[in-house]
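# Overview (structure and organization)
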Amino acid sequence: MQTLANPARFLKIARPLTPVLGWGGALLIVGALAVGLFVAPRDYLQGESVRIIYVHVPAAWLGMGGWTGLAIASFMQLVWRHPLAAIAARAIAVPGAVFAALCLVTGSLWGKPTWGTYWQWDARLTSMLILLFLYIAYIALDDAERERGGEGRIAAIFGLVGAINIPIIHYSVEYWNTLHQGQSISFLRASSTVDASMLWPLLVSAAGFSLLFGAIVLMRMRAALARQKVEARLRRYS
Amino acid sequence: MKPKTQRLFLLVLAIVAVLGAVLLAMSALKDQAAYFYAPADVAREGAPQGRNVRIGGMVRQGSIRRNADGVTIDFVVRDDSPHVINVRYRGIVPDLFREESGVVAEGRFQESGLFVADEILAKHDENYMPPQLDVKKGEHKSESLK
């Protein structure tokens with residue numbers, strides 16, 4: 001981590017890594033979605049509408065994983081004052097918000113044919129909507145702070161405090177009774193109630209979307225570093 | 001103490017404090033944020049009268065009865081407790097509404113204890129599998145197989 005905190009060293013690794021993650025992710029997504037839509041079986045209860053799972057679940061995981069990463073970066077920024085940590089947290093916010101929104105939209109479309117409703121204020125749906133609002137608030141706060149020449153410390157504190165929503169989302173379906181069903185896949189217990197024929201395209205899709213997420217974050221971090229360089233030079237010449 | 005260590009210490013302390021506050025808030029919200037009442041909750045706390053509430057549970061096997069008018073159905077909602085709720089609903093139910101499957105109903109309790117629903121939502125469980133597998137496991141009886 002310490003060696004990566006050096007922006008020059010980071011760029012040396014990030015530059016070749018970006019296309020690998022981006023194209024690798026795109027390839028996995030196309031493959032997994034093709035299998036999910038045309039090869040994987042329909043569900044015994046839900047029929048064909050179950051196929052939206054191959055986008056919905058990866059989007060949910062990345063929406064939540066994004067904020068987890070954002071919080072870890074914020075923590076490192078606050079304690080060790082790594083300039084790269086602040087850049088990473090900012091870079092995660094936008095794709096994180098997009099995936100949280102994608103999770104909500106696909107979930108809503110999935111809810112109509114299965115539950116019979118686009119939206120209900122149950123604990124899982126509400127806490128996920130709060131996550132999207134937290135992302136939007138983080139982006140606005142961070143922009144406002146930077147406009148005034150701040151280092152993004154207020155945004156980092158917000159990123160850290162907002163992380164408490166992540167375990168709430170996770171445990172919402174166990175702690176409260178909800179319309180949303182309970183947890184199907186647990187990495188901690190290495191168990192799943194999704195049949196293997198549906199599980200593997202789901203996991204490949206999640207891996208693909210994760211790689212794509214990584215590529216977007218690296219691209220945004222590189223763009224932020226380039227902008228910093230430009231601004232520093234402009235200051236020197238003016 | 002080095003400033004770095006001091007920041008680490010302060011931040012960890014702050015995180016623990018916030019986490020404690022959230023746990024307290026969640027435990028206080030345990031009942032308020034529940035999406036529906038289960039039959040056991042209604043038996044314990046009494047049927048809430050005169051206001052719209054949601055009840056939920058499993059549709060008891062063999063309990064769905066269609067009335068003579070063709071659009072009104074009666075069914076029984078159960079949970080793991082011995083208590084049940086009798087529900088009446090007039091309208092179209094979701095495709096996934098079926099016996100031995102989850103249901104959430106919004107409506108009002110009558111004085112007789114009957115729950116009259118304005119809206120029925122289907123709640124499915126966390127299992128996903130192909131249709132062939134379901135027949136093998138025999139967990140859900142399919143009408144078309146008879």
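Residues numbered from 1 in each chain as written. Chains lettered and ligands numbered in written order. Predicted model: local features only at pLDDT ≥ 70, side-chain atom pairs only at ≥ 80, totals over all residues. Heavy atoms only, no water.

## A closer look at the packing of aromatic side chains
Residues and elements named next belong to chain A.
- In the structure shown here, the tally under the stated rule is 13 aromatic pairs over all chains.
- Arranged with centres 5.6 Å apart and planes meeting at 40°, the rings of Phe-99 and Phe-213 form a pair that is tilted. Pair noted here: Phe-99 is in helix α3 (residues 83–114) and Phe-213 is in helix α7 (residues 196–237), with a separation of 114 residues, a long-range link.
- Note on Phe-99: relative accessible area 6%, which makes it buried.
- Ring geometry for Tyr-175 against Trp-176: centres 5.1 Å apart, planes inclined by 80°, an arrangement best described as edge-to-face.
- Taking relative accessible area as the criterion, Tyr-175 reaches 26% and is therefore assigned partly exposed. (Phe/Tyr/Trp six-rings, centres within 6.5 Å; stacked < 30°, edge-to-face > 60°. Helix = DSSP H or I, 4+ residues; strand = E, 2+ residues; numbered from the N terminus. Buried < 20%, exposed > 50% of the residue type's maximum accessible area, 1.4 Å probe, protein only.)

## Some points on the UniProt feature "transmembrane region" (unreviewed entry) in chain A
- The sites that carry the UniProt feature "transmembrane region" (unreviewed entry) are, in the present numbering, residues 20–40, 60–80, 92–111, 123–141, 153–173 and 198–219 of chain A.
- Measuring from the first to the last C-alpha atom of residues 20–40 of chain A gives 27 Å, for a span that is 95% helix and 0% strand. (UniProt positions renumbered as here; feature names shortened; annotations may be inferred.)

## A short note on the side chain of Ser-63 of chain B
Residue and element names in this part refer to chain B.
- Its location among the elements puts Ser-63 in the loop between β1 (53–59) and β2 (65–66).
- We classify Ser-63 as buried; its relative accessible area is 9%.
- At a separation of 3.1 Å, a polar atom in the side chain of Ser-63 contacts the main-chain amide nitrogen of Val-76.
- Leave out the neighbours within four places in its chain, and Ser-63 touches Asp-74, Phe-75, Val-76 and Glu-99. (Polar contact = N/O pair within 3.5 Å; in protein donor to acceptor, adjacent residues only side chain to side chain. Contact = heavy atoms within 4.5 Å.)

## Quick look at the packing of helix α2 (residues 53–80) of chain A against helix α1 (residues 3–28) of chain B
- Following both chains from N to C, one finds α2 of chain A and α1 of chain B inclined at 140°, their axes separated by 8 Å at the closest point. Taken together, the axis directions place α2 of chain A and α1 of chain B in an arrangement best described as oblique. Every residue of α1 of chain B that contacts α2 of chain A at Phe-75, Leu-78, Val-79 and Trp-80 of chain A is listed here: Lys-4, Arg-7, Leu-8, Leu-11, Val-12 and Ile-15 of chain B.
- Considering only residue class, the contact of α2 of chain A with α1 of chain B consists of eight nonpolar, no polar and two charged. (Axes fitted to C-alpha atoms, helices over the stretch in contact; angles between N-to-C directions. Parallel < 35°, antiparallel > 145°, perpendicular 65-115°, else oblique. Nonpolar A, V, L, I, M, F, W, Y, C, P; charged D, E, K, R; others polar.)

## What to know about the UniProt feature "binding site: heme" (unreviewed entry) in chain B
- UniProt marks His-124 and Tyr-128 of chain B with the feature "binding site: heme" (unreviewed entry), using the numbering shown here.
- Following the sequence through the fold, His-124 of chain B ends up in the loop between β6 (115–123) and α3 (131–137).
- The contacts of His-124 of chain B, once residues within four sequence positions are left out, are Leu-45, Gln-46, Thr-114, Trp-115 and Gln-181 of chain A together with Leu-96 of chain B.
- Mapped onto the secondary structure, Tyr-128 of chain B falls in the loop between β6 and α3.
- Not counting residues within four places of it along the chain, the set of residues in contact with Tyr-128 of chain B comprises Asp-43, Gln-46, Val-50, Ile-53, Trp-110, Gln-181, Ser-184, Thr-193, Val-194, Asp-195 and Met-198 of chain A.
- For Tyr-128 of chain B, the side chain forms a polar contact with the side chain of Gln-181 of chain A, separated by 2.9 Å.

## Looking at a nonpolar patch on the surface
All names here are of chain A.
- A surface patch of nonpolar side chains, amounting to about 250 Å² of accessible area, comprises Ile-13, Leu-17 and Val-20.
- Following the sequence through the fold, Val-20 ends up in helix α1 (residues 7–39).
- Residue Val-20 is classed as exposed on the basis of its relative accessible area, which comes to 54%. (Patch = residues over 30% accessible without salt bridge, like charges linked within 9 Å, V, L, I, M, F, W, Y side chains within 5 Å. Areas by Shrake-Rupley, 256 points an atom, 1.4 Å probe, with all protein chains shown as cover. Salt bridge = Lys/Arg side-chain N within 4 Å of Asp/Glu carboxyl O.)

## Quick notes on the packing of α3 of chain A against helix α4 (residues 123–147) of chain A
All names here are of chain A.
- Interhelical geometry of α3 versus α4 gives an angle of 145° and a closest axis separation of 9 Å. When the axes of α3 and α4 are compared, the crossing they make is left-handed. Here Ala-86, Ala-89, Arg-90, Ala-93, Val-94, Gly-96, Ala-97, Ala-100, Ala-101, Cys-103 and Leu-104 of α3 lie close against α4, whose contacting residues are Leu-125, Met-128, Leu-129, Leu-131, Leu-132, Tyr-135, Tyr-138, Ile-139, Asp-142 and Arg-146.
- The class makeup of the residues in the contact of α3 with α4 is 17 nonpolar, one polar and three charged. (Left-handed = near helix turned anticlockwise from the far one by under 90°.)

## Quick look at the interface of chain B and chain A
- Taken together, the contact pairs 40 residues of chain B with 40 residues of chain A.
- Both sides together, the interface formed by chain B and chain A hides about 3,700 Å², and carbon and sulfur atoms give 63% of it.
- Across the contact surface, chain B and chain A share 19 residue pairs in polar contact (both at pLDDT 80 or more).
- Put simply, the parts of the chain that give the side of chain B that touches chain A at least two residues each are α1, β6 and α3 of chain B.
- It is α1 of chain B that provides the largest number of residues to the side of chain B that touches chain A, a total of eleven residues.
- In the side of chain B that touches chain A, the residues fall into 24 nonpolar, five polar and eleven charged. (Buried area = accessible area lost by both parts, 1.4 Å probe.)

## Remarks on the pairing of β6 of chain B
Residues and elements named next belong to chain B.
- Bridging between strand β4 (residues 84–90) and β6 involves three bridges; their strand directions are parallel. Residue pairing for β6: Arg-88 is matched across the bridge by Val-116.
- Relative to β6, strand β5 (residues 102–109) is paired through eight bridges, and the arrangement is antiparallel. Its bridge partner lying in β6, Ala-105 is registered against Ile-120.
- As consecutive antiparallel partners, β5 and β6 are separated by five residues, and within that stretch Gly-113 has a phi angle of approximately 100°, a positive value. (Pairing = 2+ DSSP bridges.)

## So, a positive patch on the surface
Residues and elements named next belong to chain A.
- A cluster of basic side chains, namely Arg-15, Lys-229, Arg-233 and Arg-236, defines a positive patch on the protein surface.
- For the positive patch, the element with the most residues is α7, which contributes three residues.
- You can see Arg-236 is positioned in helix α7. (Lys, Arg positive; Asp, Glu negative; His and termini not counted. Charge placed at Lys NZ, Arg CZ, Asp CG, Glu CD.)

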